[in-house]
Amino acid sequence: MKKIEAIIRKTKFEEVKEALLSSDIDWFEYHDVHGIGQSRQERIYRGVQYSTDVIERVAIAIVCRDIFLEPTVNVILRVAHTGEIGDGRIFISDVIDTYSIRTGENGDTVLRDKK
Amino acid sequence: MNEVGLSLDTVWMLLAAMLVFWMQPGFALCEAGFTRSKNTANILMKNFVDFMFGSLLYWFVGFGFMFGSDGAGFIGMPNWGNLNFYKGDLPVEGFLIFETVFCATSATIVSGAMAERTKFSMYLVYSAVISLFIYPIEGHWTWGGGWLCNDAADSFMMTTFGSVFHDFAGSAIVHSVGGVLALIGALALGPRVGKYGADRKSRAIPGHNLAMSALGVFILWLGWFGFNPGSQLAASGEVNRIAISHVFLTTNLAAAAGGVATMFLTYIKYGKPSLSLTLNGVLAGLVGITAGCDLVSPLGAVIIGLVCGVVLVYAIEFIDHKLHIDDPVGASSVHGVCGILGTLMTGLLSTSSGAFYGHGWGFFFAECFGVLVIDLWAAACGVALFYGIKKMHGLRVDKRIEEEGLDVYEHGEMCYN
């Protein structure tokens, strides 16, 4: 099992959500995150220039079976892409085990396989 | 004058008073939008205080200081709530209301410049002093029939300039006085925490709701249709109906021209048209036209609006970047700088007496002199008042209160929950 964490643009969240649901992911969590990075927007307020160095993004976390890792990553890479600085990052890590609280089962069969 | 005509004049004056009263929520919304959400209840409260104090104090004493009888033309007799001294065609109680809303307008200009860091208790002192004293006295010099508007052949103004000072609805008398006090108040307070970096460079502190500010400015624009045309104080008869219509047009044209000038200037200067500055630009045009709205042609009004809209942007930059005075809403530039500018331009662009129309420079110099005297008075009072308070009691809230917001600490109520 793998955990995929992706930080994406807020504006891309809806598209990524639809794409993930229509592929093989039936559950993921997400939260709003603030970060500091290279993507800056110059703004002017009443004649004073300032840059918005606090960047608002959405972080998505998905745990999936190994066979779904590549297609899922590819979905995110394709849909969340604009080509401009600030498109985000994807992090992948191993997950040792998982339990279903309702049934008490463990192992990667707990994660649904729509296929 | 016939009965119906007088009634018509009275109704017009009272209607105009309603419109000028409506400028109070305009100012309140404009200022609230340009500042941060943690100080919104505080700034709304200040706008209420200005009108409440103004109404009571101007009725009780200020009206007498401004319109009461006197010898030398410098200060009227305080009336102590007695209105019988006033002799005019219009009913005195209606006239008092009309003058009250002007006094309160002058008072409420300052709250925006001193926003987000002033002790509320000390603002109460300021608000009382302007309605009680600062505004009525310079008002007496002019609209009260005092020395700046004394047109007797042997008066000071006539013998020196050959003309009296003219400020139809108060570019100088109302707006520049508020603007000068705003500048001195903001200077005495010092900038908000975080406004200037260690390198003294100005930082942006964006306001929390430009929709609020935009609505406020539209309301002010509407209110100005009472402020300027109402100052004719009459509507009946051919002369008056033409005059108020003319003032309506010049007022509107100057507002539009001011906004347009600012919009295009910011477009060129910053690459994008700035809404927050364009809102100020509309007000700059309105403030500028107020002195000469009866005397200039429609084209003259457009010129005044354009000049005010351009100068406004540079005035805001100069006060912020060079003087390092933190005026969150631009009150000192809009009302101070453009109030002065509009009054001076009346001396140039008046079709009946202006220098550009071949009537000589006497009227222009009379305008310069009047503005100088009125604003020196405002500045002197401002320095004494704000630095006096600062020395005796402190003008500014503690840093911790400023960081958390005045709403919580000064009022115990937040605007947004």
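All values reported here derive from a predicted model rather than from experimental measurement.

A.B. asks: Got a minute to help me understand the interface of chain B and chain A in this structure?
C.D. replies: Accessible area lost upon the coming together of the parts serves often as the stated size of an interface. In this complex, chain B contributes 14 residues to the contact, which on the side of chain A involves six residues. Secondary-structure elements contributing two or more residues to the side of chain B that touches chain A are helix 10 (275-289) and helix 11 (298-322) of chain B. Looking at which element gives the most residues to the side of chain B that touches chain A, the answer is helix 11 of chain B, with four residues.

A.B. asks: How should the sheet that holds strand 6 (residues 88-94) of chain A be read in this particular structure?
C.D. replies: Hydrogen bonds between backbone groups are what pair the strands of a sheet, and the pairing can be parallel or antiparallel. All names here are of chain A. Spatial ordering of the open sheet is given by 2-5-1-6, a layout of four strands whose pairing is antiparallel. Since the sheet does not close on itself, it has two edges, and those belong to strand 2 (29-36) and strand 6, each with one partner. On average, each strand axis in the sheet is inclined to that of its neighbour by 25°, with strand direction left out of account. Across eight bridges, strand 1 (residues 2-9) lies against strand 5 (residues 54-64) in antiparallel orientation. Note that in strand 5 the partner of Ile7 across the bridge is Ala59. Where helix 2 (residues 66-79) meets the sheet, its contacts fall on strand 1, strand 5 and strand 6, and the angle it forms with strand 1 comes to roughly 5°.

A.B. asks: In this structure, what is going on with the confidence of the model for chain B? I would like to understand it.
C.D. replies: Low pLDDT marks regions whose predicted coordinates should not be analysed in detail. Considering every residue of chain B, the mean pLDDT works out to 95; 100% of them sit at 70 or more. For this predicted complex, the interface score ipTM comes out at 0.71, while the overall pTM is 0.89.

A.B. asks: Can you walk me through helix 13 (residues 362-392) of chain B in this structure?
C.D. replies: Because an α-helix packs 3.6 residues into every turn, residues spaced three or four apart end up facing the same way. If you check helix 13 of chain B, its first and last C-alpha atoms are 44 Å apart, about what 31 residues at 1.5 Å a residue would give, namely 45 Å. Immediately downstream of helix 13 of chain B, the backbone of Gly394 of chain B shows phi near 90°, a positive value.

Basis of the calculations
Residues numbered from 1 in each chain as written. Chains lettered and ligands numbered in written order. Predicted model: local features only at pLDDT ≥ 70, side-chain atom pairs only at ≥ 80, totals over all residues. Contact = placed C-beta atoms within 7 Å. Helix = DSSP H or I, 4+ residues; strand = E, 2+ residues; numbered from the N terminus. Pairing = 2+ DSSP bridges. Axes fitted to C-alpha atoms, helices over the stretch in contact; angles between N-to-C directions. pLDDT = per-residue confidence, 0-100. Expected span 1.5 Å × (residues − 1).

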